[in-house]
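Descriptive analysis of the structure
Spelled out from the first residue to the last, the chains are:
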Amino acid sequence: MMRALTLVLLAGACTPVSDLVETTDEPAGSNCAYGGTAIREGADENQDGALQDSEIDSVQYVCEAAPVTSELVVVTPEPPGTNCALGGKVVRTGTDANRDGILDADEVRATAYVCNGQLVETRPEPEGLNCLTGGTAILVGDDGNADGILNEDEVASTSYVCDGVFDGTLLDGSFNVRNNLDVALIANIEEITGPLIIDNWPDSLASASLPALERVGSLIVYDEIDLSLPSLRTVVASARLGRHQASATSHTLAIPKLETVGGFIEFYGNWVAFDTPELVSVGGDLLFGTNSELQRIVAPALARVDGTVRIQRLPSLAAVDLSSLATLSGLNVSTCPNLAQEDFSLPPVQGLPDGLWVERVPWTSLGPLSTITTGSVGVLYMPITGIALPNLTTAGQLVIYSDTATSFSAPMLQSISGNVFVDAPLLPSCQVTSVLDAIGFQGTRSVRAAPCVTP
């Protein structure tokens, strides 16, 4: 046992009494799970230069950190049968809980099968970008030259099993899903503390299901696939679903239990539907756009969006259910030619600091949007005849482009802090200018409208 003593002399009127500090190795146990150092302090009352047990006044422990747990990967032949019709390889992974270097049956966390004559090779993965604490790389590919060796130019996909990130059903870190083997590796994981990234390039992952996953740090889906997350309830940060440049194929996304997203949601790509019956809150913007296949947005329990809701450029959208959404900072609904007004469900809006923008939708009135009290208002290119804003008191800017509007009213309006642009050939101009004059509007105005006829 290592022992070290430090002598400290304390001055006094009588014989000086030394203060001693002793450090010793602390074995693994109740004080330090993985061992460490014990620091004992006390006065050398008998002045023998040694710290006796009766002289110890205090003990502190400096403990070693938990060692990084190793992840084991075992590849064995799989005979022809249910898992691989013509035989193949079975890949088993798990944490070496007893640290004996052997993957015991009760340590297996994930099992995956590689069939169709593909080769599988495992290599140690050093500490770095793929595995911060090191781990194992699993390489899969076709034996193109039939030499029984997986050459570098034959590798089709690489998966990583990193040391120290798995703890039962918890994955403490991030994880990239690019292929079916990656899906199998986390099939039983319930929580991922970091980002879950689904990016099937350069692989060709067509679908994935993670039935146990309940919570992720963030969710990023770069490429559209048929994705099922039936138990997912919480995304701590943001969810980015799909790319702005969507593929030509429609896909399904199942997240029926999702309740909260701490940041924004971006819903692009070619998903057919956004069905989230249990979603209650979104901590940032809620964005839908650039999707030729999206047919419905269903979030009937969603009560709060701490940002703007944008529903844009969705030619197939036919239904929106946001019937409980009482809190949002802005709303933009534009270029949704098949979204009928009766199929757009939203409670009457009030203050929208980020404004209201409605453009290129087949609505003949603003409906529940007409109750806006504060915020900019834009009404553009829709078959509306009367633009009535009975509760609007303060606005950022006012924009009206309409070939059909014949009336405008905003009887409660008190101020406009921005600019006014009106291009409405059937709308009597005095209905707009009289409102602007009544509030003493001094900003930039451009009003191109019909002349007023004096009786």
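Residues numbered from 1 in each chain as written. Predicted model: local features only at pLDDT ≥ 70, side-chain atom pairs only at ≥ 80, totals over all residues. Heavy atoms only, no water.

Moving on: the overall build of the protein. Counting secondary structure elements, the protein contains two helices and 40 strands. Relative to the 2.2 N^0.38 estimate, which gives 23 Å for 455 residues, the radius of gyration of the protein is 33 Å and therefore markedly larger than a compact globule would have. Overall, the C-alpha framework of the protein stretches about 115 × 85 × 35 Å when taken along its three principal axes. Counting every position in the protein, which comprises 455 residues, the buried fraction comes to 43%. Expressed as a percentage of contacts within the protein between residues at least 6 apart in sequence, the contacts between residues at least 24 apart total 31%. Of the roughly 21,400 Å² of accessible surface on the protein, a fraction of 52% belongs to carbon and sulfur atoms. Taking the average place of the 20 positive charges on the side chains of the protein and the average place of its 55 negative ones, the gap between the two points comes to 11 Å. (Helix = DSSP H or I, 4+ residues; strand = E, 2+ residues; numbered from the N terminus. Rg over C-alpha atoms; globule rule 2.2 N^0.38 Å. Buried < 20%, exposed > 50% of the residue type's maximum accessible area, 1.4 Å probe, protein only. Contact = heavy atoms within 4.5 Å. Areas by Shrake-Rupley, 256 points an atom, 1.4 Å probe, with all protein chains shown as cover. Lys, Arg positive; Asp, Glu negative; His and termini not counted. Charge placed at Lys NZ, Arg CZ, Asp CG, Glu CD.)

Below, the discussion takes up the sheet that holds strand β5 (residues 71-78). Spatial ordering of the open sheet is given by β5-β6-β7, a layout of three strands whose pairing is antiparallel. Because the sheet does not close on itself, it has two edges, and the strands there are β5 and β7 (108-114). In this sheet, neighbouring strand axes are inclined to one another by 20 degrees on average, regardless of whether the strands run parallel or antiparallel. For strand β6 (residues 88-95) and β7, the ladder comprises six bridges, and the chain directions are antiparallel. (Pairing = 2+ DSSP bridges. Axes fitted to C-alpha atoms, helices over the stretch in contact; angles between N-to-C directions.)

As a further point, take the state of the cysteines. Counted by the stated rule, this structure contains four disulfides. Shown here is the disulfide that connects Cys-32 with Cys-63, its sulfur atoms set 1.9 Å apart. Around the S-S axis, the bridge from Cys-32 to Cys-63 shows a dihedral of about -70 degrees and counts as left-handed. Taken together, the residues Cys-32 in the loop between β2 (17-26) and β3 (36-44) and Cys-63 in strand β4 (residues 56-63) connect sequence positions 31 residues apart. Across the disulfide from Cys-131 sits Cys-162; the S-S distance is 2.0 Å. Handedness here is read from the sign of the S-S torsion; for Cys-131 and Cys-162, about -75 degrees, the answer is left-handed. (Disulfide = S-S within 2.5 Å.)

So, about the environment of Val-447. Within the secondary structure layout, Val-447 lies in strand β40 (residues 445-450). Judged by its relative accessible area of 25%, Val-447 falls in the partly exposed class. Beyond its immediate sequence surroundings of up to four residues, Val-447 is in contact with Val-422, Ser-429 and Val-432.

Attention now goes to the layout of surface pockets. Roughly 470 Å³ of internal volume is contained in the largest pocket. What lines the largest pocket is a set of 18 residues, and nearest its centre among them are Leu-129, Asn-130, Cys-162, Ser-174 and Asn-176. At four residues, strand β10 (residues 155-162) tops the list of elements feeding residues into the lining of the largest pocket. Residues that form the lining of the largest pocket fall into these classes: nine nonpolar, seven polar and two charged. (1 Å grid on protein atoms, 1.4 Å probe; cavity = no way out; pocket = protein on both sides within 12 Å on 5 of 7 lines; lining within 4 Å. Points joined across faces, edges and corners; volume = space filled by probe spheres on them. Nonpolar A, V, L, I, M, F, W, Y, C, P; charged D, E, K, R; others polar.)

Turning next to the nonpolar core. By size, the foremost hydrophobic cluster in this structure holds 102 residues, and its most contacted members are Leu-196, Ile-311, Leu-331, Phe-344, Leu-369 and Phe-408. The residues touching Phe-408, leaving out its near neighbours within four places in the chain, are Ile-387, Leu-389, Leu-398, Ile-400, Leu-427, Gln-431, Val-432 and Val-435. (Core = buried A, V, L, I, M, F, W, Y, C linked by side-chain atoms within 4.5 Å.)

Let's shift gears to the pattern of salt bridges. In total, this model carries 13 salt bridges according to the counting rule given. Close ionic contact of Arg-240 with Glu-266 constitutes a salt bridge, the shortest N to O distance being 3.2 Å. Of this pair, Arg-240 sits in strand β19 (residues 239-241) while Glu-266 sits in strand β22 (residues 265-267), and the two are 26 residues apart along the sequence. Overall, Glu-266 belongs to the buried group, its relative accessible area being 14%. Of the charged contacts, one joins Asp-423 and Arg-448 as a salt bridge, the two residues approaching to 3.7 Å between their closest N and O atoms. (Salt bridge = Lys/Arg side-chain N within 4 Å of Asp/Glu carboxyl O.)

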